[in-house]
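Listed below, chain by chain, are the residues.
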Amino acid sequence: MAKRITIDPITRIEGHLRIDCEIDGGKVKKAWASGQMWRGVEQILLGRDPRDAWSITQRICGVCTTVHAITSVRAIENALDMEIPLNAQYIRNLILTAHAIHDHIVHFYHLSALDWVDVTSALKADPVKTAQLAEGLSSWTGNSRHEFAKVKERLTGFVGTGQLGIFTNGYWGHPAMKLPPEVNLLATTHYLQALEVQRKASKIVAVLGSKSPHIQNIAVGGVSNPIDFDSQSSLTMERLLAVKGWIDELADFVKNVYLVDVAAIGAYYADWTAIGKGVTEYLAVPDLPLDTKGTQFALPGGYIKDGDLATFKAIKSFGDAFFRDGVEESVKHAWYKGGKGALHPFKGETDPDYTDFQDNGKYSWVKSPTFYGKPAQVGPLARVLAMVAAEHAPTVKYVNQTLDTVSSLAKTKVPVAALHSTIGRHAARAVSCAVQVDLLAQQWQMLIDNLAKGDHKTFNRPTFPKGEVTGVGFHEAPRGALSHWVVLKDGKISNYQCVVPTTWNAAPRNENEAIGPYEASLLDTPVADPERPLEVLRTVHSFDPCLACAVH
Ligand code: NFC
């Protein structure tokens, strides 16, 4: 007989997510994803000065803080048809990329690795054998047997006191945990080292953005960083060189630790390349503009139908009609007043109307976005597939490198198609992160070269027309395609809608009763013990949910 389980709240995520599953014959047969909290940031914006929107929308999230700020100014700049000085583009790009790297490292090690890594099994590991194993995988200097012995001793201390501290409440000893003790010790050691490394990325954001989380240097028209090499309160060469030092340290960790760990875990859990596929329409937006108009990007983006990379259609600019005309949101199953069918974001409405959790009615605060009428999966997997389809050489290189490592460790050929899966989302996030550390160094160099030419401009003053104008800004945020949609009337905000990565992925059923990406990916997931639904967490965590963003 089918058994219904409710996981509420899902932890090691941002925000309030409830997942319900019907399990039959040891597999998930039906699933519901529900956002459990609403705040109304879109309403707060109505009637306000558009120059304040970035600061307000940035408070949507405490995790992806920079992204709403920059997407917001992009939307308003698009409405005003503005050009942005090159230095401002590069500084924004550096902030966004450093933030994404921070986010991915934290997601893999601190928010999701413990779904795969059994910390208590690490107590049985031999530190010398762990070091031998690690040396065969990479040249990371933090992989010494002394380091592994130190971590094992620390863990033994935790367990000896009867408390696991930060490792309390994992599904330790679960039958789906498969790593040998040495791999568990290796990954646990990297979990602790990653706590240190992630700070370097945050420092880059803080130095360039004045503060992290929640940067302070953004303005409609550019950035507010003064560039005057004689002033200590400005973006000095000393600060820029410190940024470069942190970029190099991040690159070392991402390429020699993160990418390698994901490949090793992927090899031990190769069966998970056939689990968690879900929605295979993929949407990713281009990012890291390289010109003042936002028509050339370092990262390509676009749309893929039915998992077939040959169907890839590129999105080419901030004003691209293919993107602008394709997005709608439905509230048929979300706690808002509706009845008008799916609406384009310029006409979007956010009018709360809470009922209760109704399996076949309204059951979430998350709206249901669609692209040309269909749900779409967004995130690192969509991004990497789009970049492979666009023949982005660095992405192709890191995808092949990762698949080769997995294939050699698993002793079986793992194809690109394996990426359409739970473990594939982790692999794609690591690949994306490796591409981003290289881009971070490139953007840094481009900023330095531009400054060396004597161009110190960082801001163009916006002017607001009488009457109505509309704009859309997008950004390929850590969790995927983010867009802000604004309608301005006589220089004030008359409508503002955010269509956020986790809104796409955590969407409930839509206008046509199609299920959302989380719900679809859970179907047929095996669950060994419904009282300890580790497998459900694995798939949900692979998306890196942020419900604060999804509902806003
Ligand atoms: Ni919050 Fe997000 C906003 C989401 O765009 N979803 O990736 C970013 O949060 O983490």
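What you are looking at is a predicted structure, and each value in this text was computed from that prediction instead of being measured.

In terms of regular secondary structure, the chain is built from 16 helices and 15 strands. Against the compact-globule benchmark of 24 Å for 552 residues, the chain has a radius of gyration of 23 Å, which places it among compact chains. Each of the three principal axes of the chain carries a C-alpha extent, and together these read 70 × 60 × 45 Å. When the 552 residues of the chain are sorted by exposure, 60% land in the buried category. Taking as baseline every contact in the chain between residues at least 6 positions apart, the subset at least 24 positions apart corresponds to 74%. Just so you have it, the chain exposes about 20100 Å², and 52% of that area is on carbon and sulfur atoms. Taken as two groups, the 56 positive and 58 negative side-chain charges of the chain have centres that lie 1 Å from each other.

What follows concerns the coordination of the nickel atom of the ligand. Ligation of the nickel atom of the ligand by protein atoms is provided by C61 (SG), C546 (SG) and C549 (SG), these donors lying 2.3 to 2.4 Å from the ion. Between the two metal centres, the nickel atom of the ligand and the iron atom of the ligand, the spacing is 3.0 Å, with C549 acting as a shared donor. Placement of C61 in the loop between helix 2 (53–57) and helix 3 (65–79) and of C549 in helix 16 (residues 547–551) is noted, with a sequence separation of 488 residues between them.

Attention now moves to the pattern of salt bridges. Using the criterion set out here, one finds 24 salt bridges in the structure. Between D20 and R18 there is a salt bridge, with its nearest N and O atoms 2.7 Å apart. Each member of the pair, D20 as well as R18, is classed as buried. In this structure, a network of salt bridges that share partners links the residues R4, R18, D20 and D359.

Here we take up the sheet that holds strand 9 (residues 302–304). A sheet is described by the order of its strands in space; here 3 strands give the open sequence 6-9-10, paired in antiparallel fashion. Each edge of the open sheet carries a strand with a single partner, namely strand 6 (282–284) and strand 10 (313–314). Pairing between strand 6 and strand 9: 3 bridges, direction antiparallel. Residue pairing across strands places Y282 opposite I304, the latter belonging to strand 9. The strands touched by helix 10 (residues 380–389) within the sheet are strand 6 and strand 9, with strand 6 carrying the most contacts at an inclination of about 85°.

Rules and cut-offs
Each chain carries its own residue numbering, running from 1 in the written order of its sequence. Given that the model is predicted, a residue must reach a pLDDT of at least 70 before its local features are reported, and side-chain atom pairs must reach 80 or more before they are shown or counted; all residues, however, enter totals for whole chains, interfaces and linings. The basis for the side-chain values is all heavy atoms of the structure; hydrogens and waters are excluded. Strands here mean DSSP runs of E at least two residues long; helices mean DSSP runs of H or I at least four residues long; both are numbered from the N terminus. Each radius of gyration reported is based on C-alpha atoms, and the globular scaling rule is 2.2 Å times the count of residues to the power 0.38. Categorising residues by exposure relies on relative accessible area from a 1.4 Å probe, with only protein chains included: less than 20% of the type maximum marks a residue as buried, more than 50% marks it as exposed, and the intermediate range marks it as partly exposed. Every residue pair with non-hydrogen atoms within 4.5 Å of one another is taken to be in contact. The protein chains shown are the only cover counted for residues, whose accessible areas, like all others here, come from Shrake-Rupley with a 1.4 Å probe. Residues scored as charged are limited to Lys and Arg (positive) and Asp and Glu (negative), so that His and the chain ends carry no count. Just so you know, the charge point we use is NZ for Lys, CZ for Arg, CG for Asp and CD for Glu. For Na, K and Ca the donor cut-off is 3.2 Å, and for all other metals it is 2.8 Å, counting N, O and S atoms only; because water is absent from this set, sites may look incomplete. Salt bridges, as used here, are contacts in which a Lys or Arg side-chain nitrogen is within 4 Å of a carboxyl oxygen on Asp or Glu. Note: two strands are recorded as paired if DSSP finds a minimum of 2 bridges between them. Fitting a line to C-alpha atoms yields each axis, with helices limited to the stretch in contact; the angle taken between N-to-C directions then spans 0 to 180 degrees.

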